[in-house]
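# Commentary on secondary and tertiary structure
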Amino acid sequence: MNKLMSLARLPLAATLLVAAGWASAAIPLQRWIQANGAEVYLVESPGIPMVDVQLDFDAGSRRDPPAQAGLADATAGQANKGIAAQGQEPALDENALGEAWADLGASFGANASRDRMSFSLRTLTYPDLLPKAVALAARQLGAPAFDAAVWQRDRERIGAALRESYTRPGPVAGRAFQQLVYGGHPYGRETTEQTLAAISVDHLRAFYAQSILPCRAKVSVVGAVTRAQADQLVQALLSRLPHTACAPLPAVGEVPALAKAEERRIPFASNQAQVLIGQPGIQRDDPDFFAVLVGNHILGAGGFTSRLTHEVREKRGLTYGVSSDFSPGRHAGAFTVGLQTRADQADAAIAVARETLARFVAEGPTEAELKAAKDNLVGGFALRLDSNRKLLGNVANIAWNGLPLDYLDTWTQRVEAVTVAQIRAAFARMLQPERMVTVVVGGA
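Keep in mind that this is a model prediction, so the values were computed, not measured.

### Section: the packing of helix α12 (residues 346–363) against helix α16 (residues 420–430)
Axis separation between α12 and α16 bottoms out at 7 Å; the angle between their running directions is 120°. One way to sum up the angle between α12 and α16 is to call them oblique. Judged by residue contacts, F360, V361, A362 and E363 of α12 engage I423, R424, F427 and A428 from α16. Split into classes, the residues belonging to the contact of α12 with α16 amount to six nonpolar, no polar and two charged.

### Quick notes on a negative patch on the surface
Among the surface-exposed residues, D93, E99, D103 and D147 lie close enough to one another that they form a single negatively charged patch. When you line up the elements, D147 lands in the loop between α4 (130–142) and α5 (148–165).

### A closer look at empty space enclosed by the protein
For the structure shown, the criterion picks out one cavity of 30 Å³ or more. In this structure, the largest cavity occupies an estimated 30 Å³ of space. Around the largest cavity, the lining residues are I27, L29, V43, V395, I398, L405, D406, L408 and D409. Those elements that provide at least two residues to the lining of the largest cavity are α14 (388–401) and α15 (407–416). Of the residues contributing to the lining of the largest cavity, the split by class is seven nonpolar, no polar and two charged.

### A closer look at the sheet that holds strand β6 (residues 107–112)
Here six strands make up an open sheet; going across it, the order is β1-β2-β8-β3-β7-β6 and the pairing mixed. The sheet is open, and its two edges are formed by β1 (29–33) and β6, each paired on a single side. On average, each strand axis in the sheet is inclined to that of its neighbour by 15°, with strand direction left out of account. Examined bridge by bridge, strand β3 (residues 50–57) and strand β8 (residues 218–223) share six bridges and lie antiparallel to one another. Bridge pairing links Q54 to S220 in β8.

### Let's talk about the side chain of T75
Inspection of the secondary structure puts T75 in helix α2 (residues 71–78). Of the residues examined, T75 reaches a relative accessible area of 0% and is grouped as buried. A distance of 2.7 Å separates the side chain of T75 from the backbone oxygen of L71, its partner in a polar contact. The residues contacting T75, other than those within four sequence positions of it, are M117, F146, L204, F207 and Y208.

### Thoughts on the UniProt feature "domain: Peptidase M16 C-terminal" (unreviewed entry) in the protein
Under the UniProt annotation, "domain: Peptidase M16 C-terminal" (unreviewed entry) lies at residues 199–377. The span residues 199–377 shows a helical share of 41% and a strand share of 19%, and its end C-alpha atoms are spaced 44 Å apart.

### Focus: the packing of aromatic side chains
Following the criterion strictly, the structure yields 13 aromatic pairs and no others. Between the aromatic rings of F290 and Y407, the centroid separation amounts to 5.9 Å while the plane-to-plane angle is 45°, which identifies the pairing as tilted. Separated by 117 residues along the polypeptide, F290 in helix α10 (residues 289–301) and Y407 in helix α15 bring together distant segments of the chain. Take F290 and Y407: they sit in the same class, and that class is buried. Seen in terms of ring centroids, F326 and F335 are 4.7 Å apart; in terms of plane orientation they differ by 45°. Their pairing is tilted. Judged by relative accessible area, F335 falls into the buried class, the value being 0%. Over the ring of F289 we find R284; its NZ or CZ atom is 3.6 Å from the centre of that ring.

### Observations concerning unusual backbone geometry
Look at F146: it is not a glycine, yet its phi comes out positive at around 45°. Within the secondary structure layout, F146 lies in the loop between α4 and α5. Residue class for F146 comes out buried when judged on its relative accessible area of 4%.

### A word on the pairing of strand β12 (residues 334–342)
Where burial is concerned, most of β12 is hidden: seven out of the nine residues are buried. Relative to β12, strand β10 (residues 272–280) runs antiparallel, the two sharing nine bridges. Bridge pairing links V275 to L339 in β12. Direction of pairing for strand β11 (residues 322–326) relative to β12: antiparallel, over a ladder of five bridges. By the bridge assignment, D325 is partnered in β12 with T336.

### With respect to the pairing of strand β7 (residues 117–124)
Counting buried positions along β7 yields seven of eight residues, so the element is predominantly enclosed. Sheet topology places β3 next to β7; eight bridges connect them, and they run antiparallel. Residue pairing across strands places M50 opposite L124, the latter belonging to β7. Two strands pair when backbone bridges link them, and β6 and β7 are joined in this way by six bridges, in the antiparallel orientation.

### Quick notes on the state of the cysteines
Note: disulfide means a covalent bond formed between the sulfur atoms of two cysteine side chains. According to the stated counting rule, one finds one disulfide in the structure shown. Across the disulfide, C215 is cross-linked to C246 (sulfur-sulfur distance 1.7 Å). On the sign convention where negative is left-handed, the bridge of C215 and C246, at about 75° about the S-S bond, is right-handed. In this pair, C215 sits in the loop between α8 (201–211) and β8 while C246 sits in the loop between α9 (227–238) and β9 (262–266), placing the two residues 31 residues apart along the sequence.

What counts and what doesn't
Residues numbered from 1 in each chain as written. Predicted model: local features only at pLDDT ≥ 70, side-chain atom pairs only at ≥ 80, totals over all residues. Heavy atoms only, no water. Axes fitted to C-alpha atoms, helices over the stretch in contact; angles between N-to-C directions. Helix = DSSP H or I, 4+ residues; strand = E, 2+ residues; numbered from the N terminus. Parallel < 35°, antiparallel > 145°, perpendicular 65-115°, else oblique. Contact = heavy atoms within 4.5 Å. Nonpolar A, V, L, I, M, F, W, Y, C, P; charged D, E, K, R; others polar. Patch = residues over 30% accessible without salt bridge, like charges linked within 9 Å, V, L, I, M, F, W, Y side chains within 5 Å. Areas by Shrake-Rupley, 256 points an atom, 1.4 Å probe, with all protein chains shown as cover. Salt bridge = Lys/Arg side-chain N within 4 Å of Asp/Glu carboxyl O. Lys, Arg positive; Asp, Glu negative; His and termini not counted. Charge placed at Lys NZ, Arg CZ, Asp CG, Glu CD. 1 Å grid on protein atoms, 1.4 Å probe; cavity = no way out; pocket = protein on both sides within 12 Å on 5 of 7 lines; lining within 4 Å. Points joined across faces, edges and corners; volume = space filled by probe spheres on them. Pairing = 2+ DSSP bridges. Buried < 20%, exposed > 50% of the residue type's maximum accessible area, 1.4 Å probe, protein only. Polar contact = N/O pair within 3.5 Å; in protein donor to acceptor, adjacent residues only side chain to side chain. UniProt positions renumbered as here; feature names shortened; annotations may be inferred. Phe/Tyr/Trp six-rings, centres within 6.5 Å; stacked < 30°, edge-to-face > 60°. Lys NZ or Arg CZ within 6 Å of the ring centre and 35° of its normal. Disulfide = S-S within 2.5 Å.

Pasting the structure below:
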């Protein structure tokens, strides 16, 4: 029980350790490829007896068939709902599996995003616990139950959640915005009750078998393990998956640029209007990523210091909050300006937001704005690494996107090197304010 209780306290310990160390020193990131094809990234963090592991596979929603939108999410969700029997090992339903993880004081689970399916393990590294946690995770990864009755139950639950989301302006606006920004690209596919009804457990099993293979794995490890121990741990985690060669996955096309501006107004019985303005943005591997990061902090991601907040909220009182966001991925994720305002002043808020955006794209920031943004970003860098879990997320970002091993060591220097001219050039290349889409939900 003492060990289990200590796990609950470890996030704080990890915070103190990392904040005192990694944020001010080089982060020794190691990389190697196993014989099974898995690509492993490791940061040894011996200060606390814990390890975090993330396994990423190219099995996100961009791989969903159009008629089965939601397949990746469903597959990841059902991979958490039990283990099939294998040999002398009995099956574990979702309740028994949850109890087994609780008994170990550890956790393991799957989720899917638009680009990848991820499995995350967190466990203490005590000799009497780590092998058991790894063995259970290997069983769950290698033989998820995919029980038909459980999927039918959960499909009905997901359908009910979808129907409920149609009653809220935020999800309604988000779906309309995605359709306009992405068109027919997989990033814009919408999960509906119809697409869910087209997914059977056989589809879940087939998608999983095609996607979750050692030769497709990018594995990130942060914790109190050596390279030899990490290599053995990853081999054990992947040991129950088929060790076969991986055929190339089908190519996914790029997000098309918008040809013209488009506006969609959706009546909704509410006093507030939800407004989204945007277009396809950038891919994660864009060479101007840091210019966009710093520039967007100035434009709309910097909270009360941002241009949009100053113009729309502070000067005119048209909203309580407005922000801008880039969501780069394997393909061009959306650039979005989002705000909420009273329905009767939506047009005024939209006009100010558009004018502020257009001026920023044309002129870029001032030197004073740039200095303030750099100070804020560099000063807050330690918060990006202030726990093992956050450090793991950064390592997984490096692994997934093929970033340099010294990416975290040079992050602040890359931010400091950004110039006004670079921001102006990057935003002028990427954004076309005159061709953006606008979605307004609200006002009966």
